[in-house]
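Chain and residue survey
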Amino acid sequence: MNAAVSTTVFAAFMVLTVVLGLLAVRGRGGAKGRAEGTSAQGGGGLAEWSVGSRSLGTVFIWVLMAGESYTSFSYLGAAGWGYNFGAPVLYVVAYMSCGYALGYVVGPMLWAYARRHGLMGITDIVAHRYRRPWLGAAVAVLATVCLLPYIQLQITGMGVVVSTLSYGAISLNWGYFLGFAITTGFVVVSGLRGSAWVSVLKDVLVIVTLGFLVGYVPLHYFDGYGPFLERVVAEKPQWLTFPGHDSGGLGQVWFVTTTLVNSLTVVIFPTTVAGYLGARNADALRRNAVLLPVYNVLLFVPMLLGLAALFVVPGLTGADSNLALFKMVVDSLPAWAVGVIGVAAALSSIVPMAVFMLVIGTMWGRSVLGALPRLADRQKLCSQLVVVAAGTVALVLTYTAPDTLVRLSLISYEGMAQLVPMLLLGLVWRRLTWSAAVSGLVVGFALVCVLVFGGHDPLWGMNAGLVALAVNLAVALAVTRWGPRDADDRPDAEVLALDDEFPRETAPVRGGETVSPQASS
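Counting from 1, residues in each chain are numbered in the order their sequence is written. Predicted model: local features are reported for residues with pLDDT of at least 70 only, side-chain atom pairs are reported and counted for 80 or more only, and whole-chain, interface and lining totals are derived from all residues. Hydrogens and water molecules were not included; the side-chain quantities draw on all heavy atoms of the structure.

**Here's the deal with a nonpolar patch on the surface**
Put simply, the rule reads: Think of a patch as exposed residues, more than 30% relative accessible area, with no salt bridge, where like charges cluster within 9 Å and nonpolar side chains (Val, Leu, Ile, Met, Phe, Trp, Tyr) cluster within 5 Å. Throughout, the Shrake-Rupley method with a 1.4 Å probe supplies accessible areas, and for residues the shown protein chains are the sole cover considered. Put simply, a salt bridge is a Lys or Arg side-chain nitrogen that is within 4 Å of an Asp or Glu carboxyl oxygen. Secondary structure follows DSSP: runs of H or I at least 4 residues long count as helices, runs of E at least 2 residues long count as strands, and numbering of each begins at the N terminus.
Side chains of V15, L16, V19 and L23 sit close together on the surface and give an oily, nonpolar patch of about 310 Å² of accessible area. Tracing the chain through its elements places L16 in helix α1 (residues 2-25).

In structure tokens, the structure reads:
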């Protein structure tokens with residue numbers, strides 16, 4: 001009976017999710033979509049599908065970008081880290097808040113640059129900045145390697161949530177497939193706009209469920225916060241200080257360096273940039289950067305509940321520790337409440353997974369497959385096919401070789417960090433050449449792989465990604481100083497992101513994008 005009730009609640013919300021996705025694009029893929037992307041450059045309706053025709057306001061951008069950051073990790077991994085280690089998990093709140101502060105400057109800069117030149121993602125930006133289409137394709141491949149593990153992790157998280165909320169009636173394998181099928185169908189049809197609409201539903205459920213749990217669990221199991229916190233201090237003090245409990249050396253230096261490298265990385269992460277480029281104007285991004293840290297307060301809830309689970313469900317080890325929060329939920333709440341909380345967690349997998357898939361599809365549809373003459377006018381179709389292919393690869397590897405993508409996930413964030421000089425430095429410093437940017441990227445990424453897979457992360461207490469980024473930057477500067485120089489006769493306004501504003505007046509559509517008067521002149 002419990003399984004029937006909770007799965008019925010889950011199924012009803014999944015239907016609502018699909019309906020919201022369809023409503024989001026109703027009327028957007030017709031005349032407007034065709035007008036915005038009929039050329040070979042823009043691809044039929046690709047601007048609407050991939051960046052929502054750059055028309056999302058502050059609210060939708062806020063919930064969309066919050067949805068990307070508040071994933072199934074927030075329900076499972078954050079509670080698991082709190083359960084296993086304690087204090088080191090606070091790095092998530094630290095780097096996201098610092099990243100949002102950087103995004104106040106970087107977001108409008110990337111938005112204006114991309115809109116001025118009709119670009120739809122980081123691969124387009126790199127290809128335009130260095131006048132090397134093949135470089136955009138290479139970045140697409142690198143970014144895909146770094147993003148695929150996140151799709152696999154969301155599929156895994158979805159499977160765990162579905163199996164748990166169904167009281168085991170739905171197996172993990174079927175849970176994996178449901179996560180893949182719902183998300184793939186959803187993103188192929190609705191694109192970025194649909195993800196933003198569903199993020200509204202997700203955020204309402206997340207706020208309501210976590211707001212309930214943060215009060216319910218301490219009262220139900222400990223008779224209040226006072227007794228709960230007193231017990232933590234008395235019995236688990238090592239969870240409250242760095243380097244935490246049995247964390248393997250995640251101390252203060254690791255915390256600071258990880259916060260630094262992750263905050264730099266998050267502002268150029270492909271999914272973050274997709275959110276930037278979907279904005280209606282630069283002011284929406286600035287307001288969003290101010291508001292987003294408020295959402296981080298919610299991250300304290302699963303971290304705190306992970307500590308509570310130490311006393312309620314002791315002895316969890318390995319992957320089972322990620323179920324710390326849900327084991328308390330299933331143990332103490334009625335089936336309908338389990339279903340609602342499970343839906344919030346499931347949507348926390350679906351929304352970011354949808355954006356990851358969409359970004360991979362857009363990168364390949366624009367910079368890899370779209371670069372082929374035969375496919376230049378079918379970029380949206382190519383992007384949608386790549387979405388299906390990427391999701392299928394992640395699903396198959398989840399079944400057959402789950403450790404493959406999990407191991408790749410070790411270098412995902414630290415690997416993406418190596419794009420920071422190529423992307424951000426290149427947009428403000430003209431002297432950075434493509435050969436210097438590529439040299440730094442290759443050396444930095446190779447060093448990340450050596451350090452991480454060689455078991456040297458952290459290195460001397462520091463995040464290995466920051467060490468590699470420092471070497472990356474040094475190599476790029478050295479090659480710029482003593483290496484070959486580019487012969488680029490374009491004006492600075494064509495190469496650099498000189499300002500973060502975009503004129504209110506717009507020129508006619510070119511290549512599926514509205515451009516500024518000076519860009520069209």
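**So, the pattern of salt bridges**
Keep this limit in mind: Buried means the residue's accessible area, taken with a 1.4 Å probe over protein chains only, is under 20% of the maximum for its type, while exposed means over 50%, and partly exposed covers the values in between.
This structure, assessed with the given rule, holds 9 salt bridges. E235 serves as the salt-bridge partner of R231, at 3.2 Å between the closest nitrogen and oxygen. Residue R231 and its partner E235 are both found in helix α11 (residues 225-235); the two are separated by 4 residues, about one turn of the helix. Since its relative accessible area comes to 34%, R231 is described here as partly exposed. By relative accessible area, E235 is classed as partly exposed at 44%. Each of R131, R430, D488, D489, R490 and D492 takes part in salt bridges that share partners, so that together they form one network.

**Examining the environment of L307**
Just so we agree on the cut-off: Contact definition: two residues touch when any of their heavy atoms are within 4.5 Å.
Along the polypeptide, L307 turns up in helix α15 (residues 300-312). Relative accessible area serves as the criterion here: at 12%, L307 is assigned to the buried category. Distance from L307 to N84, taken between C-alpha atoms, is 8.6 Å for residues 223 residues apart in sequence. Beyond its immediate chain neighbours, meaning those up to four positions away, L307 contacts G82, F228, W239 and L240.

**With respect to the packing of helix α13 (residues 270-277) against helix α17 (residues 335-368)**
Selection rule: Axes here refer to lines fitted to C-alpha atoms; in helices the fit is confined to the stretch in contact. Angles between the N-to-C directions go from 0 to 180 degrees. Any angle that is under 35 degrees is reported as roughly parallel, and any over 145 degrees as roughly antiparallel; angles of 65 to 115 degrees are reported as roughly perpendicular and all others as oblique. Residue type decides the class: Asp, Glu, Lys and Arg count as charged, Ala, Val, Leu, Ile, Met, Phe, Trp, Tyr, Cys and Pro as nonpolar, and the leftover types, Gly among them, as polar.
Interaxial distance between α13 and α17 falls to 9 Å at its minimum, and their mutual angle equals 85 degrees. In terms of axis orientation, α13 runs roughly perpendicular to α17. Only V355, F356 and V359 of α17 make contact with α13, whose side of the interface consists of P270, T271 and A274. Broken down by class, the residue content of the contact of α13 with α17 amounts to 5 nonpolar, 1 polar and no charged.

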